[in-house]
Amino acid sequence: MDIFFYGGLAVTGFGAGMLGALLGLGGGVFVVPALVLAFGLPTLTAVGTSNVAVVATSTAGASTYVRSRLTNIRLALVLLVSTTLAALLSSLVASFLPAQVLSVLFAVVLIYTAFTMLRGRRPTPPAFDPEDKGDGTSARLDLDAAYYDLASDKVEIYRPRRVRTGTAISALAGVIAGLLGVGGGIVQMPVMNLLMSVPIKAATGTSNFMVGITATSAAFVRYANGDIDPRIAVPVALFVFLGARVGAWLVPRTPSATLRRIFGYVALGIALLMLLQGLGIYQPPGR
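Now for a look at the structure at hand. If you're wondering where the values come from, they're calculated on a predicted model, not measured in any experiment.

**Structural notes on the overall build of the protein**
Okay, step 1: Tallying secondary structure elements over the protein gives 11 helices and two strands in all.
Okay, step 2: Starting at the N terminus and ending at the C terminus, the protein contains elements arranged as α-α-α-α-α-α-β-β-α-α-α-α-α.
Okay, step 3: Across the 287 residues of the protein, 55% fall into the buried class.
Okay, step 4: Of the contacts made within the protein by residues no fewer than 6 positions apart, 83% connect residues no fewer than 24 positions apart.

Structure representation (structure tokens):
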């Protein structure tokens, strides 16, 4: 480990934090493949480091997202019940799975999510109507929310739909978080946007809030298993935090369609590399 190694970790952390906060993914989706493919670290060590990085991303962006009302805290707390429980259980299972299985699973999830986002969202729901209770769950739990969109210069008012279905699928986000150390945002954000009709910027802010809590629970398990190396996790988390501050500042100022495209293309590129590594076609340096 020398200055070039830590310089690489700094660049990786800053970029992962910025993109993670910008897209509500927590940064782990970029940290894991970077540490495995570019630095040749064991997959479980990369996943453990990623858990710490996700917490840093969430912490850095939380104040900005809450202040700009992009975080729907009530919705986050509802979805976190199943997400956190699933993350704890799956993080215990991850230690018994081969690294190749984790890499392929990671790639499959990335490809699915990337194509879903690039294909575009569902038809825009009708204008907000206080009398439209949807499935009734949103109204009973008072999940209605609004925020001011700087990019479009208008106030967005929305009511989450299909809350019960979204809560059930959130368990999958927890599984992904526990197995892969990516915070669950890679599933959570598109679920809120495409299934629950939450505007993409609100989905980003809410997902950012959630991934920190999910990753914290998984990080304790990782640390107990010896999968977190402080010499790697600390510098990565520091620069992830700095990058996430920049990403959180950019979100309200970036058009929603641009956020969707950035996510889709970056995810596809990472998925391809992880799939090649999982299938044994590509071996990272040092392996």
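**Observations concerning the environment of Arg67**
Okay, step 1: For Arg67, the position within the fold is in helix 3 (residues 43-67).
Okay, step 2: Of the residues examined, Arg67 reaches a relative accessible area of 61% and is grouped as exposed.
Okay, step 3: Residues Arg67 and Tyr147 lie 80 residues apart in sequence; the distance between their C-alpha atoms is 10.0 Å.

**Quick notes on the environment of Ala107**
Okay, step 1: Locating Ala107 in the fold gives a position in helix 5 (residues 99-119).
Okay, step 2: Distance in space between the C-alpha atoms of Ala107 and Ile270 is 7.6 Å, their sequence separation being 163 residues.
Okay, step 3: Those residues within four positions of Ala107 in sequence are excluded, and the remaining contacts are Ala271, Met274 and Leu275.

**Concerning a nonpolar patch on the surface**
Okay, step 1: Together, Phe14, Leu238, Phe241, Leu242 and Val246 give the surface a local cluster of nonpolar side chains, amounting to about 390 Å² of exposed area.
Okay, step 2: At four residues, helix 10 (residues 230-250) tops the list of elements feeding residues into the nonpolar patch.
Okay, step 3: Note that Leu242 resides in helix 10.

**As for the pattern of salt bridges**
Okay, step 1: In this structure the tally under the stated criterion is five salt bridges.
Okay, step 2: Across the pair Asp149 and Lys201 runs a salt bridge whose closest N-O atoms are separated by 2.7 Å. Here Asp149 is found in strand 1 (residues 145-149), whereas its partner Lys201 is found in helix 9 (residues 200-224), with 52 residues between them in sequence. Lys201 shares its class with Asp149; the two are buried.
Okay, step 3: A salt bridge links Arg231 to Asp229, with the nearest nitrogen and oxygen atoms 3.0 Å apart.
Okay, step 4: By relative accessible area, Asp229 is classed as buried at 19%.

Procedures and definitions
Residues numbered from 1 in each chain as written. Predicted model: local features only at pLDDT ≥ 70, side-chain atom pairs only at ≥ 80, totals over all residues. Heavy atoms only, no water. Helix = DSSP H or I, 4+ residues; strand = E, 2+ residues; numbered from the N terminus. Buried < 20%, exposed > 50% of the residue type's maximum accessible area, 1.4 Å probe, protein only. Contact = heavy atoms within 4.5 Å. Patch = residues over 30% accessible without salt bridge, like charges linked within 9 Å, V, L, I, M, F, W, Y side chains within 5 Å. Areas by Shrake-Rupley, 256 points an atom, 1.4 Å probe, with all protein chains shown as cover. Salt bridge = Lys/Arg side-chain N within 4 Å of Asp/Glu carboxyl O.

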